Structures are given as structure tokens and as C-alpha cells.
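Reading the structure
Here are the chains, one letter per residue:
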Amino acid sequence: MLQLRVFVRVLQQSHVGNQGPNKAFPLAHSAGRRNTSTAPPAAAERTLIAVKPDGVQRGLVGKIIQRFEQRGFKLVGIKMLQVSKDLLSEHYCELRAKPFYPDVQAYMTSGPVIAMVWEGDNVVQTSRSMVGPTDPTQAQSGTIRGDFSIHVSRNVVHASDSLEGAQREIQLWFEGKDLLDWDCCSRAWTHRP
Ligand code: TYD
């Protein structure tokens, strides 16, 4: 009997704070909310991840998304696009003058790219470690580039390299209305309370 009462109490407590509008799915208590700006909610960190044309052509999109999901990050925006030369030149503004830039431009505009915004504690730095170094020959197995690529000119994925870079890139690639604030029911198990 005591055990039953404790069980009922635990169940009641697990629903505190989840009394949102969706009674059928108390743990998914808020529907996605569209922002008008690309700024994350207070204290949330966001980064831009893009699966480059080689990753899309080679059917790696699902595997790459899975790595960010299973790490505990939350997807707040995703789209497939054909990157224009103008967008790429803004995105890689620091690389425009490099001798390899024409090759990067031809590669990045050669086919569709999947652009995503991921959110979570320390997501910028953690994503960079998950992606691995620019040159896949330097990348450890277990990183995305270390597992899926062998040459710097076909390194499968992009990840913003700093908080400021992430903010700039997210604004460049996404409109605020394309990003969704939503409550992920596994958050309590992946982030500190
Ligand atoms: P960079 O921003 O330096 O690296 P990262 O993607 O790791 O942030 O370079 C952008 C892309 O340019 C890189 O992912 C692949 C391409 N690139 C080359 O093709 N050759 C090179 O020598 C370098 C440095 C980059």
C-alpha cells in the first residue's frame, strides 16, 4: 500500500510543470512557436550545421542528423537549398581571397545542401569537436569528417566555429520565422536542471 502511494505521488509530481494546452500529450506541452528573430531564447546557444553537397549526394544526411540528436541537441530549423554564389561568398567572407575559394564555390554550389540550426548547452564548441578538423586526414575516427571523408575539398559538413560566427551564419541562412522554439521532452535528461 505504501509503495502504491509513493508511486502515485511520483506520477503526480512528474506532471507538475507540464500542464500545458495539449492534454493528450502532457510531456509535449507546447506546440512549436515561430520566432520573428533568429535570436535563441535567453540562455540557449545555437549553431549552424550544413550537410554539404557531397554529404547529400552520398546519402549521409540521416546519419549526420542522428549524431546531433543522439548527443542531446535540439533541431530548431532545417531546410534544403541550392546555395547561390552570393550566399556562399557572404558565408565564407574570410576565405574569398584564398586560392582554393573558386574550387570551394564550385563544390558548394554543385548541388543541394541541408542547412540546420541546432540548439543546446555549448552546442557551438561541441559540434566542432563532433565534426572534426577541416582536413579529414587530421580527423579522428568517431568525428563526422573522420568517419565519412578523406579530403579537405570534400569534407561533408560545415559547423560554425564560434558563438559570433554562429549568430552571423544563422542570420544569413535563416529567417526568424523558419526557426521553431519547442519544448523537447528529453531535455530534462540531457541538460542540467
Ligand atoms: P575553413 O572555414 O577554414 O574550415 P572549416 O570548414 O573547418 O570551418 O574552410 C572552409 C572550407 O573551405 C573547408 O571546410 C573546406 C575548404 N577548404 C579547402 O578546400 N582547402 C583548404 O585548404 C582549406 C583551409 C579549406
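An unreviewed UniProt entry lists the protein under the name Nucleoside diphosphate kinase, with Salarias fasciatus as the source organism. The record in UniProt for the protein states the following under Sequence similarities (unreviewed entry): "Belongs to the NDK family." Under the heading Cofactor (unreviewed entry), UniProt records this for the protein: "Mg(2+)".

Quick look at the side chain of Ser-127 now. Structurally, Ser-127 can be placed in helix α6 (residues 123-131). Among the residues examined, Ser-127 registers a relative accessible area of 0% and is labelled buried. In this structure Ser-127 touches Thr-47, Ile-49, Phe-68 and Ala-159, once residues within four positions along its chain are discounted.

Now for helix α5 (residues 101-108). Each turn of an α-helix holds 3.6 residues, which means side chains three or four residues apart point in the same direction. The complete set of buried residues in α5 reads Tyr-101, Val-104, Tyr-107 and Met-108. Viewed along the axis of α5, the buried residues span an arc of 125°, placing them on a single side of the element. Where the residues of α5 are buried, they touch α2 (53-57), α4 (85-91) and β4 (112-119).

Moving on, we come to the UniProt feature "binding site: ATP" (unreviewed entry) in the protein. In this structure's numbering, the residues bearing the UniProt feature "binding site: ATP" (unreviewed entry) are Lys-52, Phe-100, Arg-128, Thr-134, Arg-145 and Asn-155. Among the secondary structure elements, Lys-52 is positioned in the loop between β2 (46-51) and α2. When near neighbours in sequence (up to four residues on either side) are disregarded, Lys-52 contacts Tyr-92, Tyr-107, Met-108, Pro-112, Val-113, Arg-145, Asn-155, Val-156, Val-157 and His-158. Structurally, the position occupied by Arg-128 is in helix α6.

At their nearest, the axes of helix α3 (residues 61-71) and α6 sit 12 Å apart, and the two run at 135° to each other. The angle between α3 and α6 falls in the class oblique. Considering how the two elements wind past one another, α3 and α6 form a crossing that is right-handed. Within the contact between the two elements, α3 uses Arg-67, Phe-68 and Arg-71 and α6 uses Thr-126, Ser-127, Met-130 and Val-131.

The next thing to look at is the site of the ligand. Surrounding the ligand, one finds Lys-52, Tyr-92, Leu-95, Phe-100, Val-104, Arg-128, Thr-134, Arg-145, Val-152, Ser-153 and Asn-155. Between the ligand and Arg-128, the relevant distance is 2.9 Å, taken from an oxygen atom to a side-chain nitrogen or oxygen of the residue. In the environment of the ligand, an oxygen atom lies 2.8 Å from a nitrogen or oxygen atom belonging to the side chain of Asn-155. A total of 500 Å² of accessible area belongs to the ligand in isolation, and the protein chains cover 74% of it. Among the residues forming the shell around the ligand, the class breakdown is five nonpolar, three polar and three charged.

Another aspect to go through is the nonpolar core. Across soluble globular proteins, you tend to see nonpolar side chains buried next to one another. Judged by nonpolar contacts, the single largest core of 21 residues is most densely connected at Ile-64, Phe-68, Trp-118 and Ile-144. At the level of secondary structure, the elements contributing two or more residues to this core comprise β2, α3, β4, α6, α7 (144-148) and β5 (157-159). The biggest single contributor to this core is α6, with four residues. Grouped together as the second largest cluster of nonpolar side chains are 19 residues, Val-104, Val-117, Ile-170 and Trp-173 included.

Cut-offs applied
- Residues numbered from 1 in each chain as written.
- Predicted model: local features only at pLDDT ≥ 70, side-chain atom pairs only at ≥ 80, totals over all residues.
- Heavy atoms only, no water.
- UniProt positions renumbered as here; feature names shortened; annotations may be inferred.
- Helix = DSSP H or I, 4+ residues; strand = E, 2+ residues; numbered from the N terminus.
- Buried < 20%, exposed > 50% of the residue type's maximum accessible area, 1.4 Å probe, protein only.
- Contact = heavy atoms within 4.5 Å.
- Arc of directions from axis to C-beta.
- Axes fitted to C-alpha atoms, helices over the stretch in contact; angles between N-to-C directions.
- Parallel < 35°, antiparallel > 145°, perpendicular 65-115°, else oblique.
- Left-handed = near helix turned anticlockwise from the far one by under 90°.
- Near = heavy atom within 4 Å.
- Polar contact = N/O pair within 3.5 Å; in protein donor to acceptor, adjacent residues only side chain to side chain.
- Areas by Shrake-Rupley, 256 points an atom, 1.4 Å probe, with all protein chains shown as cover.
- Nonpolar A, V, L, I, M, F, W, Y, C, P; charged D, E, K, R; others polar.
- Core = buried A, V, L, I, M, F, W, Y, C linked by side-chain atoms within 4.5 Å.

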